[in-house]
Amino acid sequence: MRGETLWSISEDLITSENDIHQVMYDIKEINDTAVIIYNQALETAIKNKDLKIANNIISELGCLYYDLGERNKAKQMLGNLKSHPSNYSNALLYLGLIYKAENQIDSARYFLKQTLSYGDLDKQCSAYKHLSQIEESFNHSISKEYAAIHQLLLDSLEAMEQTIITENTHLAFSYKRIKKNNESLNKERIFFRNHLIITW
């Protein structure tokens, strides 16, 4: 039964490209099972010659291995990317972190700087943070510059998050107000309808 469930999820991974990242995100919460599912999905994608989805799975699997503390497996998977997957910035960032942990500074710099070109604000923010840490031992002024950019991006991300929270709170209050108004209108309709029936 467990095997059938895993197979069903891996089939979802390779047949629904639009939902692939959400499915992958969901199963990442169950680490060991996620590795099994990713590998099953990867085998199926390769068998179906769907290289685009296979590349996405390889990238996600490499990042998952890193999160599980298996850096060598992570580096091997991420090094096997044949083209740029849609989650390429994630792969670049993780490769930068792997090489940083291995003290291979030039490679770490290369991949973290590549993240700045491909990544969204969140990935760029993380890349600048790690670049700043690397440069502390080599070039203090550049380290400070990277740290300042990291803080600027971090402040921007926090402001964006706060704006979203505020907008969601406003929408929730608006929804409650509209719902309350609708309930009042319904009560009035019922009252008038009953009143008309009585008077008729």
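Residue positions are counted from 1 within each chain, in the order its sequence is given. Two thresholds apply to this predicted model, a pLDDT of at least 70 for residue-level local features and 80 or more for giving and counting side-chain atom pairs, whereas whole-chain, interface and lining totals are computed over all residues. Excluded from the side-chain calculations are hydrogens and water; all other atoms, namely the structure's heavy atoms, are used.

**Quick word on the overall build of the protein**
And then number 1: Each helix corresponds to a stretch of at least 4 residues labelled H or I by DSSP, and each strand to a stretch of at least 2 residues labelled E; elements are numbered beginning at the N terminus. From N to C terminus, the protein includes nine helices and zero strands.
And then number 2: Ordered by position from the N terminus, the helices and strands of the protein form the series α-α-α-α-α-α-α-α-α.
And then number 3: Put simply, 56% of the contacts in the protein that link residues at least 6 apart link residues at least 24 apart.
And then number 4: Carbon and sulfur atoms make up 53% of the accessible area of the protein, which totals about 13000 Å². Pairs of residues are marked as contacts when any of their non-hydrogen atoms sit within 4.5 Å. All accessible areas in this document rest on Shrake-Rupley with a 1.4 Å probe, and a residue is counted as covered only by the protein chains that are shown.

**Focus on the confidence of the model for the protein**
And then number 1: A score between 0 and 100, pLDDT records how confident the predictor is in each residue. Of all residues in the protein, 63% attain a pLDDT of 70 or more, and the chain-wide mean is 76.
And then number 2: Model confidence for the protein, summarised as mean pLDDT per element, is weakest for helix 1 (residues 2–15) at 45 and strongest for helix 8 (residues 121–135) at 93.
And then number 3: Scored below 50 in pLDDT, residues 14–19 makes nine contacts in the model with residues more than four places away or belonging to other chains.

**Things to note about the pattern of salt bridges**
Where charged atoms of side chains with opposite charge meet at close range, the side chains can pair.
And then number 1: The term salt bridge refers to a pairing of a side-chain nitrogen on Lys or Arg with a carboxyl oxygen on Asp or Glu at a separation within 4 Å. Using the criterion set out here, one finds four salt bridges in the structure.
And then number 2: Residue Lys 73 is joined to Glu 70 by a salt bridge in which the shortest nitrogen-to-oxygen separation is 3.2 Å.
And then number 3: Lys 73 gets classed as partly exposed once you look at its relative accessible area, which sits at 40%.
And then number 4: Remark: exposure states derive from per-residue accessible area (1.4 Å probe, protein chains only) relative to the maximum for the residue type, with buried under 20%, exposed over 50%, and partly exposed in between. What makes Glu 70 partly exposed here is its relative accessible area of 31%.
And then number 5: Residues joined by salt bridges that share partners form a network here, namely Asp 106, Arg 109 and Glu 135.

**Re the packing of helix 6 (residues 88–101) against helix 8**
And then number 1: Lines fitted to C-alpha atoms define the axes, with helix axes restricted to the stretch in contact, and inter-axis angles between N-to-C directions lie between 0 and 180 degrees. Contact geometry for helix 6 and helix 8: axes closest at 10 Å, N-to-C directions at 20°. Overall, the two elements helix 6 and helix 8 adopt an arrangement that is roughly parallel. You can see that helix 6 and helix 8 cross each other, and the crossing is left-handed. Contacts from Ser 89, Asn 90, Leu 93, Leu 97 and Lys 100 in helix 6 reach Lys 123, Ser 126, Ala 127, His 130, Gln 133 and Ile 134 in helix 8.
And then number 2: Its residues assigned to classes, the contact of helix 6 with helix 8 shows four nonpolar, five polar and two charged. Any angle from 65 to 115 degrees is called roughly perpendicular, while one under 35 is roughly parallel, one over 145 is roughly antiparallel, and all others are oblique. For any pair of crossing helices, the crossing counts as left-handed if the nearer helix is rotated counterclockwise from the farther one by less than a right angle, and right-handed if it is rotated clockwise. Think of it as three bins: nonpolar holds Ala, Val, Leu, Ile, Met, Phe, Trp, Tyr, Cys and Pro, charged holds Asp, Glu, Lys and Arg, and polar takes everything else, Gly as well.

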